[in-house]
Amino acid sequence: MDRLYKPSKLSEILSKYGFRFTKSLGQNFLIDGNIVRKIADAAEISEYDNILEIGPGVGTMTEELALRAKKVVAVEIDEKLRDLHKETLDIENVKVIYGDFLELDLEKIAGEEFGDEGFKVVANLPYYVTTPIIEKLLLSKVNLISITVMVQKEVAKRLAAQPGNKDYGSLSVFINYYTDCKYKFQVPSSVFMPKPNVDSAVVNLKMKEREDLDTDFLFKIVRAAFTTRRKTLLNSFSNSGLPYSKDDIKRALELSGIDGGRRAETLSLEEFIILSVNFKSVG
Ligand code: SAM
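Just so we're clear, the structure is a prediction, and the values are computed from it rather than from any experiment.

Scoring rules and cut-offs
Residues numbered from 1 in each chain as written. Predicted model: local features only at pLDDT ≥ 70, side-chain atom pairs only at ≥ 80, totals over all residues. Heavy atoms only, no water. Pairing = 2+ DSSP bridges. Helix = DSSP H or I, 4+ residues; strand = E, 2+ residues; numbered from the N terminus. Axes fitted to C-alpha atoms, helices over the stretch in contact; angles between N-to-C directions. Contact = heavy atoms within 4.5 Å. Buried < 20%, exposed > 50% of the residue type's maximum accessible area, 1.4 Å probe, protein only. Right-handed = clockwise from strand over helix to strand, strands pointing away. Core = buried A, V, L, I, M, F, W, Y, C linked by side-chain atoms within 4.5 Å. Domains from an automatic or database assignment. UniProt positions renumbered as here; feature names shortened; annotations may be inferred. Phe/Tyr/Trp six-rings, centres within 6.5 Å; stacked < 30°, edge-to-face > 60°. Lys NZ or Arg CZ within 6 Å of the ring centre and 35° of its normal.

A. Seen up close, the sheet that holds strand β2 (residues 50-54). What the 7 strands build is an open sheet, ordered β4-β3-β2-β5-β6-β9-β7; its pairing is mixed. The open sheet has two edge strands with one neighbour each: β4 (94-98) and β7 (179-187). Taken over all neighbouring pairs, the strand axes of this sheet differ in orientation by 20 degrees on average, direction set aside. Pairing geometry for strand β6 (residues 144-152) and strand β9 (residues 200-207), over 7 bridges, is antiparallel. For valine 151, the partnering residue across the bridge sits in β9 and is alanine 201. Its contacts with the sheet put helix α2 (residues 33-42) on β5 (119-124), β6, β7 and β9, and the angle it makes with β7 is roughly 165 degrees.

Written out as structure tokens, the structure is:
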């Protein structure tokens, strides 16, 4: 049987069901078997794994995931795909849930579908909601093991950036707090139907054990540090709107052993954590 990544098969299915692409939903479907397999490889899926896919589209990735995993639950916003899925995703270990992933009660769905078992997320994400989707995954109280996603290349670089890199910013620190993130490979726009205007890349994020911290406060400090990227930390914090005097800021930096003349983009996650603890103590 022809696989869905074969362009002729995909076109046949799309025209059979009169499917029209909705650009605003980020609908760019994969048409390359190699890339589909490479994404599944990057996700390190075994026959014991539960998978949550966000945005199955026609089901090109879903088909591959179902071959490798124990169970695949796919969440799709576009109800117009319902009839088409009866043909493409009539697979024993696949369940499709229709709705907006951002509106979904993830804790409830994970409990109902995967019980106490962990799960991995694999997705070719709709680019207009990449960050909110990743934030929701990381902040939910679920037994998430890893996230392997295709995103816009620029975003992939920011997600995986390390201190000192030009792409390193508050998003990188947030990701680094929750996960060990690796940039896996770049994907050309020619492997999509229709072709997007931007390049893509795949990242793998493995969930980390983390300390119990006041994360709201930590990320407030991180965002404040990056308010004026090119300026020194002392200046950034002074102009950030945080309720600290220049002396308080100097003191928090000093207690943390961090030179106020440095820039935010040079600070490691550990330094941000120490700094946030010391800001609490001077405030
Ligand atoms: N996985 C398919 C593939 O690789 O060919 C399709 C990927 S396409 C880039 C993104 C998919 O996400 C589309 O099917 C789109 O309808 C769906 N989508 C967009 N926004 C969504 C949301 N908020 N929740 C769930 N699915 C969404």
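B. Quick peek at the pairing of β5. Taken across its 6 residues, β5 has 6 buried, putting it largely inside the fold. Going residue by residue along β5, you find Phe119, Val121 and Ala123 tucked away on one face and Lys120, Val122 and Asn124 tucked away on the opposite face as well. Sheet topology note: the β2/β5 ladder contains 3 bridges and is parallel. Following the sheet pairing, glutamate 53 is matched in β5 by valine 122. As paired strands, β5 and β6 are joined by 6 bridges and run parallel to one another. The residue bridging alanine 123 from the neighbouring strand is valine 149, located in β6. Taken together, β5, helix α6 (residues 130-139) and β6 constitute a β-α-β crossover, and its handedness is right-handed.

C. Region of interest: the environment of alanine 42. Its location among the elements puts alanine 42 in helix α2. Classification of alanine 42 as buried rests on a relative accessible area of 6%. Separated by 107 residues in sequence, alanine 42 and valine 149 place their C-alpha atoms 9.3 Å apart. Beyond its immediate sequence surroundings of up to four residues, alanine 42 is in contact with Thr148, Lys184, Phe185 and Asn204.

D. Spatial organisation of the pairing of β2. Where burial is concerned, most of β2 is hidden: 5 out of the 5 residues are buried. Side chains Asn50, Leu52 and Ile54 of β2 all project onto a buried face; the interleaved residues Ile51 and Glu53 project onto the opposite face, where all are buried too. Pairing analysis gives 5 bridges linking β2 to strand β3 (residues 71-76), with the strands arranged parallel. Pairing of glutamate 53 across the sheet is with alanine 74, part of β3. Between β2 and its parallel partner β3, the chain crosses via helix α3 (residues 60-68), and the hand of that crossover is right-handed.

E. Layout of the nonpolar core. Formed by 65 residues in total, the largest nonpolar core has its most connected members in Phe237, Phe272 and Phe279. In terms of residue count, the dominant contributor to this core is helix α9 (residues 215-225) (7 residues). Here this core spans two domains, and each of domain 1 (7-207) and domain 2 (215-282) adds at least three residues to it. Among residues more than four places away in sequence, those in contact with phenylalanine 272 are Tyr168, Val173, Leu218, Val222, Ala225, Phe226, Ala264 and Leu267. Formed by 26 residues, the second largest nonpolar core is a distinct cluster that contains Leu30, Met150, Val191 and Val202.

F. Molecular detail of the UniProt feature "domain: Ribosomal RNA adenine methylase transferase N-terminal" (unreviewed entry) in the protein chain. Here, the residues flagged by UniProt with the feature "domain: Ribosomal RNA adenine methylase transferase N-terminal" (unreviewed entry) are residues 35-209. Taken as a whole, residues 35-209 contains 34% helix and 29% strand, while its terminal C-alpha atoms sit 30 Å from one another.

G. Summary view of the packing of aromatic side chains. Following the criterion strictly, the structure yields 13 aromatic pairs and no others. Taking 5.1 Å as the distance between ring centres and 25 degrees as the angle between the ring planes, the aromatic pair formed by phenylalanine 114 and phenylalanine 119 counts as stacked. You can call phenylalanine 114 buried: its relative accessible area is 5%. A relative accessible area of 1% places phenylalanine 119 in the buried class. Relative to phenylalanine 279, the ring of phenylalanine 237 has its centre 5.0 Å away and its plane inclined at 65 degrees; by these criteria the two rings are edge-to-face. Here phenylalanine 237, found in helix α10 (residues 233-238), pairs with phenylalanine 279, found in helix α12 (residues 269-282); they are 42 residues apart in sequence, far enough to count as distant. The exposure class of phenylalanine 237 is buried, given its relative accessible area of 1%. Ring pairs connect the aromatic residues Phe174, Tyr177, Tyr178 and Phe219, which therefore count as one cluster. The cationic tip of lysine 38 hangs over the ring face of phenylalanine 185; the distance from NZ or CZ to the ring centre is 4.3 Å.

H. Region of interest: the UniProt feature "binding site: S-adenosyl-L-methionine" (unreviewed entry) in the protein chain. Using the residue numbers shown here, the UniProt feature "binding site: S-adenosyl-L-methionine" (unreviewed entry) corresponds to Asn28, Leu30, Gly55, Glu76, Asp100 and Asn124. With respect to the helices, strands and loops of the structure, leucine 30 is situated in strand β1 (residues 29-30). On the accessibility criterion, leucine 30 (3% relative accessible area) is buried. The residues contacting leucine 30, other than those within four sequence positions of it, are Tyr5, Leu10, Ile35, Val36, Ile39, Thr60, Met61, Asn124, Met150, Val191 and Phe192. Tracing the backbone shows asparagine 124 in strand β5.

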